[in-house]
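Close look at the chain arrangement
If you want the building blocks of each chain, they are given just below.
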Amino acid sequence: MSGFAALVARDLRLVWRRPGDVAVVLAFFVVATTLFPLGIGPEANVLARIAAGVLWCAALFAALLSLDRLFAADFEDGTLDLLLLAPWPLELAALAKCCAHWIVTGMPLAALAPILGVAFGLDPSVLLALSVTLLVGTPTLSLIGGLAAALTLGARKSGALLALLALPLCVPTLIFGAGAVEALATGGDFGAHLAVLAALALVALATMPWAIAAALRQAGE
Amino acid sequence: MSGFAALVARDLRLVWRRPGDVAVVLAFFVVATTLFPLGIGPEANVLARIAAGVLWCAALFAALLSLDRLFAADFEDGTLDLLLLAPWPLELAALAKCCAHWIVTGMPLAALAPILGVAFGLDPSVLLALSVTLLVGTPTLSLIGGLAAALTLGARKSGALLALLALPLCVPTLIFGAGAVEALATGGDFGAHLAVLAALALVALATMPWAIAAALRQAGE
Amino acid sequence: MADLHFLANPARYRRFSQRVVPSLSIATALMLAVGLYLALIQSPPDYQQGDTVRIMFVHVPSAWIAMAGYGLLAALGASLLVWRHPLAALMARAAAPVGAGFCAVCLLTGSLWGRPMWGAYWVWDARLTSMLLLFFLYLGHIALNRAYDEPERGDRAAAILVLIGVINLPIIKFSVDWWNTLHQPASVARLGGPSIHPSILLPLLWMVATLFLLFVLLVLLRTDTEIDRRRLENAEPQA
Amino acid sequence: MVTPLLEVADLACRRGGRRVFERLSFALGRGELLALVGRNGSGKTTLLRALALLVHPEAGTIGWQGVDVRAEPDAWRGRLAWLGHLEGLKADLTVAENLLAAERLRGAPQAEDRLDSALVAFDLSSLAARAVRTLSAGQRRRTALARVILAQAPLWLLDEPLNALDAPAQAAFRRALATHLASGGLAIAATHADLGLAGGRTLELGIPT
Amino acid sequence: MVTPLLEVADLACRRGGRRVFERLSFALGRGELLALVGRNGSGKTTLLRALALLVHPEAGTIGWQGVDVRAEPDAWRGRLAWLGHLEGLKADLTVAENLLAAERLRGAPQAEDRLDSALVAFDLSSLAARAVRTLSAGQRRRTALARVILAQAPLWLLDEPLNALDAPAQAAFRRALATHLASGGLAIAATHADLGLAGGRTLELGIPT
Ligand code: HEM
Ligand SMILES: Nc1ncnc2c1ncn2[C@@H]1O[C@H](COP(=O)(O)OP(=O)(O)OP(=O)(O)O)[C@@H](O)[C@H]1O
Ligand SMILES: Nc1ncnc2c1ncn2[C@@H]1O[C@H](COP(=O)(O)OP(=O)(O)OP(=O)(O)O)[C@@H](O)[C@H]1O
Ligand SMILES: [Mg+2]
Ligand SMILES: [Mg+2]
């Protein structure tokens, strides 16, 4: 367990040394979402209607944007070997990496989304819900993306390939995440959607670390 | 000039190593656009409304996803030194890299966008316009993205910060790109938008290679 | 999976396929001829849809085969990862593009059919969308399989992916159904419609059987090619 | 003759469809050093990676105190200190941070007090607070070697440890290796240079290029 | 005494705020070899990079045939063949593709006919069609050395050329270097090992660590 904490701490420190990498991801999120109000024009009803979907899609892309270096950097400088050689389960290491990724992307995205939601004319009560769905949903994205990142290690040209692998698997999270916000706005059952979102996160938590570890082992060969 | 062609050819070969690799970029583009209906909902009138924004957004994302490694890979394996040592202007090398990038992302995206437009229920006349705006606008994205990629190479924090500034530079391109399509659909002045888009591309072409070369030189120090 | 145990050895597989393929090809060709006659000539045009209904005889079997094909990929992936069957990898490599092909045929025929029926090539219907996502899963598998210089690595990576994908497939399907029903009451003709008349059902089932045989035949043939290719790649370089 | 701790029997490995070596057997006891030599591409790195369970061998067994190491892979990994062709250092972290992080990844939380002696052994004290990004090639290699000492593992697996080292650093490495062997440690090192330690055994890997 | 082609006068460089060397002067004529030696971090790599104009020197001049090389940087770069600590090979391209691409980047379109002899010189013919990703460390280094030969440049700048090479490859390198010098070429090589060529001059860089 101390290895787990050490790995999370190391990754966070690395991000801290190069804050620009995270900033670019957040900037992409902002630019992608502000594009829609600018492009569609100021019709409030259309904007509010699509807000949840757009914000969720942009969050999904932003999460993926940072994922392709999740294991690649370790692979190229030889630290992946050290991870594979650590005397504790590789599954935990995989989880730690995804965890660190979530802390530096998922959490800031969830914090940033309500601010952008205002630009779409969302209701204050909905803004909080948006943030909550992102908080519950982004761990799943980090885990699925982590698998795609591990699978494409040592493959040629992995950026778009990674996204191609991850995006279809992220669809349920996207649908229930955006759906939950919609539900709140239109009087549906927000709690039920959130529960599904949490269930998806638990399923990912229970399966992905094993798959990622398997993928990392074969990349180390 | 033969060095320019050689560099473009080398980069294209790296991408075309197996023909599937370009297909992956396209497949990714398709998957990315498909996500928006899933997030926003299937209503045809809303989708047609936001189609241009969605497709432009996905194009930006595709460009970014492949760009951040544009120079980083050369930097890490030492080929950047070989580029810096080539006996012809580094500005040309920078242009060649962006050019190769545009050929494998911008061009195919512009070709594919109309087909996706159909799925969003766009009018046939609008489809062609969409393709044209992408063809004129994506070089700007490749050039600006190239600068961001070069700036993030150095260890200096100011580099990362400048990269952050480069992303908002893409905003005018996005606005006028998506705006041009909108204009055509709603009876606005398509030509004027397109002219601005072309002007942005020319400005980028005239300034970015120098900026990129400067950034590369300082990364090589 | 008993068959696969028996066939796990490529040489034994080779002997098996050499015996089966000729008769299988003939059977497929004959059934296809009969099927086309039944579907194109013998079955009546639909009172509503006219002759376009004949698209169904390709469309529906393709859909089913595409779904079954992904299941096959998952089974092959499991036997590669668990038992390290060398043939499983080769067969998965052979089967994925065939399955993706049937998936594409389903999407294409569906949207060609959709134009006269709904007035649009594409609508964001739940079943259409989940079929599209299945197609993407196929594409991901194929792309990953080929992204490695060492084919063995591509095989194992794709096997891990397909096992996760097959867990997710029901979840995706369920969420897409839910997504569509929430947003959209049925404004376009729902797929399926009234129960199918026997004069259409018989040729349909016949075509299902025929195209399924075609799928099997293609997979067997492509597996042969993959074995040859892998042998060539693994040949020790002289000198 | 020491009783062997590590016993490798009939090991065979392939890379990219080609067999790199087969029927490789050797045994190593306390305080013994095995130098792997052979032409470029003869499989030294592959053998080291197979011993570390990073490469899946085609056939053969690796035993430690008579037990197959694959039965308890985590315990086995805990006994290894690894130095590869690549240093495995994070360019953005300092020397000290890299060393401590690596130790914590091995599950040993209390490395701070041992850090100084590892730094001193490779004359790194004055560089401890420098980011690895700003180090010269030899300084990086020395940092990676300090990590090996710090691990306090019974078996060292080293891939060309002398690469990029200057003469004093090579001497420092020889001292560290001698200390390790004298205290009952084992070491396997792939090298093209002379390790310069008396009494080491040598395994020549065959098939060239 | 040969008349010097390359004249370096009073060169000084800083890295990360620290002065690495200053008042460095030397001259090199046709057929001459200069070995850079010195402790890790003494500035060998920095000097090579400064000569290649990759690092901006703080002071001093670099002259070629009496002209400051910074007056015509492109012409100067055309005269250099470079081998760094990093090989500068694309892992996804094959050995042959890497060599040809590097040559074309130098603006020399017709390299195909010279490729074979460069491959033969480092015993790479059987690896020509292999992706660099699948090569061993020494095989990669040999590929990078083949690139140096292929460039047919008058001045070779080499950073630890013997790294990772086995004995036959080291001999091949010595042969190639001797041929280069015999045909009037110049070479500057940073090294910790013995280059093993008689008659070479040595420059020891000072300030240690
Ligand atoms: C691109 C568009 C389309 C796609 C992707 C698509 C997909 C599918 C799929 C996946 C199935 C198998 C469903 C199952 O057995 O669970 C199916 C069956 C069927 N489709 Fe389509 N379809 C499309 C367009 C159409 C159109 C336009 C029609 C005609 C109005 C149609 C009529 C049918 C019928 C009659 C069946 C068989 C009945 C049933 O199993 O419910 N489809 N389609
Ligand atoms: N990832 C790989 N894929 C395919 N073949 C590989 C791979 N890695 C190494 N090889 C091949 O396996 C053989 C053994 O390589 P290995 O790296 O073990 O050699 P080595 O003895 O360490 O050589 P060196 O002295 O150059 O480091 C070589 O012929 C090499 O080309
Ligand atoms: N990018 C950099 N930023 C700051 N300092 C650096 C940088 N690169 C090198 N240095 C420092 O400059 C000095 C000279 O480094 P250089 O790489 O030239 O040494 P070297 O003689 O090549 O050593 P080695 O034998 O280890 O390769 C070293 O003290 C090093 O720490
Ligand atoms: Mg090696
Ligand atoms: Mg150096």
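Each remark here, short or long, concerns the structure printed above.
Residues numbered from 1 in each chain as written. Chains lettered and ligands numbered in written order. Predicted model: local features only at pLDDT ≥ 70, side-chain atom pairs only at ≥ 80, totals over all residues. Heavy atoms only, no water.

Re the overall build of chain C
Put simply, the rule is: Secondary structure elements follow DSSP: runs of H or I no shorter than four residues count as helices, runs of E no shorter than two count as strands, and numbering proceeds from the N terminus. Remark: exposure states derive from per-residue accessible area (1.4 Å probe, protein chains only) relative to the maximum for the residue type, with buried under 20%, exposed over 50%, and partly exposed in between. It only takes one pair of heavy atoms within 4.5 Å for two residues to be counted as in contact. What sets the accessible areas is the Shrake-Rupley method with a 1.4 Å probe; for residues, cover comes only from the shown protein chains.
In terms of regular secondary structure, chain C is built from seven helices and zero strands. Seen in sequence order, chain C has helices and strands lined up from the N terminus as α-α-α-α-α-α-α. Taken across its 239 residues, chain C has 50% of its residues classed as buried. The contacts of chain C with a sequence gap of at least 6 include a subset with a gap of at least 24, amounting to 81%. Only carbon and sulfur atoms are counted for the fraction: they give 68% of the accessible area of chain C, which is about 11300 Å².

Things to note about the overall build of chain A
Which entries qualify depends on this criterion: Throughout, radius of gyration means the C-alpha value; the globule benchmark is 2.2 Å times the number of residues raised to the power 0.38. All tallies of charge rest on Lys and Arg as positive and Asp and Glu as negative; His and the ends of each chain are not included. Note that the charge is assigned to NZ on lysines, CZ on arginines, CG on aspartates and CD on glutamates.
Across its full length, chain A holds nine helices and zero strands. When the helices and strands of chain A are listed from N to C terminus, the series reads α-α-α-α-α-α-α-α-α. Rg of the C-alpha trace for chain A: 18 Å, near the compact-globule value of 17 Å for 221 residues, within the 12% margin. Overall, chain A is about 55 × 35 × 30 Å in size when its C-alpha atoms are taken along their principal axes. When the 221 residues of chain A are sorted by exposure, 66% land in the buried category. Partitioning the intrachain contacts of chain A with sequence separation of at least 6 by distance along the chain shows that 80% fall at a separation of at least 24. A total of about 6400 Å² of accessible surface is found on chain A, and carbon and sulfur atoms cover 73% of it. The averaged location of the 13 negative side-chain charges in chain A is 8 Å from the averaged location of its 10 positive side-chain charges.

Here we look at the interface of chain D and chain A
This is how it is decided: Once two parts are put together, the accessible area they lose, assessed with a 1.4 Å probe and summed over both, is termed the buried area. Any N or O atom pair separated by 3.5 Å or less is treated as a polar contact, with the protein-specific requirement of one donor-capable and one acceptor-capable atom, and with residues adjacent in sequence counted only for side-chain atom pairs.
Taken together, the contact pairs 27 residues of chain D with 27 residues of chain A. Summing both partners gives a buried area of about 2400 Å² for chain D against chain A, and 59% of it is carried by carbon and sulfur. Of all residues in chain D, Leu54(D), Lys90(D) and Leu105(D) bury the most surface against chain A, accounting for 29% of the area lost on that side. Taken together, the links from chain D to chain A amount to eight residue pairs in polar contact (both at pLDDT 80 or more). Counting residues per element, the ones that place at least two in the side of chain D that touches chain A are helix H2 (73–78), strand E6 (80–83) and helix H3 (95–105) of chain D. The dominant element in the side of chain D that touches chain A, judged by the number of residues it contributes, is H3(D), at four residues.

What to know about the site of ligand 3
Rules: The cutoff for a nearby residue is simple: one of its non-hydrogen atoms must lie within 4 Å of the molecule or strand.
Ligand 3 sits among 21 residues. The nearest are Arg130(D), Ser136(D), Gly138(D), Thr45(E) and Thr46(E). At the site occupied by ligand 3, nearby residues are drawn from chains D and E. Backbone polar atom of Thr134(D) to an oxygen atom of ligand 3: 3.0 Å apart, as the coordinates give it. Gly138(D) places a polar main-chain atom, nitrogen or oxygen, 2.6 Å from an oxygen atom of ligand 3. Bound to the protein, ligand 3 loses 90% of the 630 Å² it would expose on its own. Among the secondary structure elements, those contributing two or more residues to the shell around ligand 3 are helix H5 (137–150) of chain D together with helix H1 (44–51) of chain E.

Comments concerning the sheet that holds strand E1 (residues 4–15) of chain E
Residues and elements named next belong to chain E. Rules: Strand pairing follows a simple DSSP-based rule, namely that at least 2 bridges must link the two strands.
With antiparallel pairing, the four strands of this open sheet are ordered in space as E2-E1-E4-E5. The sheet terminates laterally at strand E2 (18–29) and strand E5 (67–68), the two strands that pair on one side only. Across eight bridges, E1 lies against E2 in antiparallel orientation. Looking at E2, one finds that Val8 is bridged to Phe26.

Here we look at the state of the cysteines
Inclusion rule: Our working definition of a disulfide is a cysteine sulfur pair at a distance within 2.5 Å.
This model, assessed by the stated rule, comprises zero disulfides over all chains. For the unlinked cysteine Cys57(B), the closest cysteine sulfur is that of Cys57(A), found at 8.8 Å. Residue Cys57(B) is classed as buried on the basis of its relative accessible area of 2%. Free cysteine Cys106(C): the closest other cysteine sulfur is in Cys103(C), separated by 6.5 Å. Using a relative accessible area of 6% as the deciding quantity, one classes Cys106(C) as buried.

Concerning the nonpolar core
When a protein is soluble and globular, its nonpolar side chains tend to lie buried together. Heads up, the rule is: Here, the term nonpolar core denotes a set of buried Ala, Val, Leu, Ile, Met, Phe, Trp, Tyr and Cys residues that are joined through side-chain atoms within 4.5 Å.
Of all hydrophobic cores here, the largest spans 305 residues; its most connected members are Leu6(D), Ile188(D), Leu6(E) and Ile188(E). Here this core takes 18 residues from helix H3 (residues 44–67) of chain B, the largest share from any one element. Leaving out residues up to four positions away in the same chain, Ile188(D) has contacts with Leu6(D), Phe26(D), Leu28(D), Leu34(D), Leu36(D), Leu48(D), Leu51(D), Leu155(D), Trp156(D), Leu157(D) and Leu158(D).

Examining a nonpolar patch on the surface
Residues and elements named next belong to chain C. Heads up, the rule is: Each patch is built from residues lacking any salt bridge and having more than 30% relative accessible area; the joining distance is 9 Å for like charges and 5 Å for nonpolar side chains (Val, Leu, Ile, Met, Phe, Trp, Tyr). The term salt bridge refers to a side-chain nitrogen of Lys or Arg lying within 4 Å of a carboxyl oxygen of Asp or Glu.
A cluster of nonpolar side chains, contributed by Leu36, Tyr37, Leu40 and Ile41, occupies part of the molecular surface with about 410 Å² of accessible area. Among the secondary structure elements, Tyr37 is positioned in helix H2 (residues 10–42). A relative accessible area of 45% means that Tyr37 is categorised as partly exposed.

Focus: helix H7 (residues 124–151) of chain A
Residues and elements named next belong to chain A. Selection rule: By this rule, a helix spans an expected 1.5 Å times one less than how many residues it contains. Bend at a given residue is defined as the angle between two axes, one fitted to the seven residues that end at that position and one fitted to the seven that begin there.
With 28 residues, H7 extends 41 Å from end C-alpha to end C-alpha; this agrees with the ideal 40 Å at 1.5 Å per step. Gly137 marks where H7 bends most, by close to 35 degrees; the proline Pro139 follows one to four residues later. In terms of burial, H7 is a largely internal element, 21 of the 28 residues being buried.

As for the coordination of the magnesium ion (ligand 5)
Tetrahedral coordination by four donors sets the ideal angle at the metal to 109.5 degrees; octahedral coordination by six donors sets it to 90 or 180 degrees. All names here are of chain E. Defined as follows: Metal donors: N, O and S atoms at distances within 2.8 Å, or within 3.2 Å for Na, K and Ca, with water omitted from the atom set so that some sites may seem incomplete.
Coordination of the magnesium ion (ligand 5) by the protein is provided by Thr45 (OG1) and His85 (NE2), with metal-donor distances spanning 1.9 to 2.3 Å. Of this pair, Thr45 sits in helix H1 while His85 sits in the loop between strand E6 (80–83) and helix H3 (95–105), and the two are 40 residues apart along the sequence. With relative accessibility at 24%, the residue Thr45 sits in the partly exposed group. With a relative accessible area of 28%, His85 lands in the partly exposed category.

Remarks on the pattern of salt bridges
One pass over the full model with this rule turns up 46 salt bridges over all chains. For Arg13(A), the salt bridge goes to Glu97(D), with nearest N and O atoms at 3.6 Å. A residue pair is termed interchain when its members come from two chains, as with Arg13(A) in helix H1 (residues 2–17) and Glu97(D) in helix H3. For Arg49(D), the salt bridge is made with Asp81(A), and the minimal N-O distance between the two is 2.9 Å. Of this pair, Arg49(D) sits in helix H1 (residues 44–51) while Asp81(A) sits in helix H5 (residues 79–84), placing the two residues on different chains. Looking at Arg49(D), the relative accessible area reads 12%, which means it is buried. Here the salt bridges share partners, and the residues they tie into one network are Arg10(A), Asp11(A), Asp74(A), Asp77(A), Lys97(A) and Lys90(D).

Overview of the sheet that holds strand E7 (residues 155–159) of chain D
All names here are of chain D. Threshold: Convention adopted: a line fitted to C-alpha atoms gives each axis, helices being fitted over their contacting stretch, and angles between N-to-C directions are expressed from 0 to 180 degrees.
What the five strands build is an open sheet, ordered E6-E7-E8-E3-E9; its pairing is parallel. The open sheet terminates on both sides in strands that have one partner only, identified here as E6 and strand E9 (201–204). Taking the axes of each pair of neighbouring strands and ignoring which way they run, one obtains an average angle of 15 degrees across the sheet. Relative to strand E8 (residues 186–190), E7 runs parallel, the two being bridged by five bridges. In the sheet register, Leu155 faces E8, and the bridge partner there is Leu186. The strands touched by H1 are strand E3 (33–37), E6, E7, E8 and E9; relative to E7, the strand with the most contacts, the crossing angle is about 150 degrees. Across the sheet, H5 touches E6 and E7, and the angle it forms with E6 is around 175 degrees.

Thoughts on the packing of aromatic side chains
Here is the rule: Working definition: rings of Phe, Tyr and Trp (its six-membered ring) pair if their centres are within 6.5 Å, and the pair is stacked with planes under 30 degrees apart, edge-to-face with planes over 60 apart, and tilted otherwise.
Counted according to the given criterion, the structure contains 11 aromatic pairs over all chains. Between Tyr13(C) and Phe16(C), the aromatic rings sit 6.4 Å apart at their centres with planes inclined by 50 degrees, giving tilted as the arrangement. Within this pair, Tyr13(C) and its partner Phe16(C) are both found in helix H2, separated by three residues, close to a single helical turn. Through a chain of ring-to-ring contacts, the aromatic side chains of Phe176(A), Phe174(C) and Trp178(C) assemble into a single cluster.

A few points about the packing of helix H6 (residues 90–104) of chain B against helix H8 (residues 124–151) of chain B
All names here are of chain B. Counted only if it meets this: These descriptions rest on fixed angle ranges, namely under 35 degrees for roughly parallel, over 145 for roughly antiparallel, 65 to 115 for roughly perpendicular, and the rest for oblique. For any helix crossing, the convention is left-handed if the near helix is rotated counterclockwise from the far helix by under a right angle, and right-handed if that rotation is clockwise. For this scheme, ten residues count as nonpolar: Ala, Val, Leu, Ile, Met, Phe, Trp, Tyr, Cys and Pro. Four count as charged, namely Asp, Glu, Lys and Arg, and the remainder, Gly too, count as polar.
Running from N to C, H6 and H8 cross one another at 135 degrees; their axes reach a closest spacing of 9 Å. With respect to H8, the axis of H6 lies oblique. Judged by the twist between their axes, the crossing of H6 over H8 is right-handed. Seen from H6, the contacting residues are Leu95, Cys98, His101 and Trp102; seen from H8, they are Leu135, Thr138, Pro139, Ser142, Leu143 and Gly146. Class assignment of the residues belonging to the contact of H6 with H8 gives a composition of six nonpolar, four polar and no charged.

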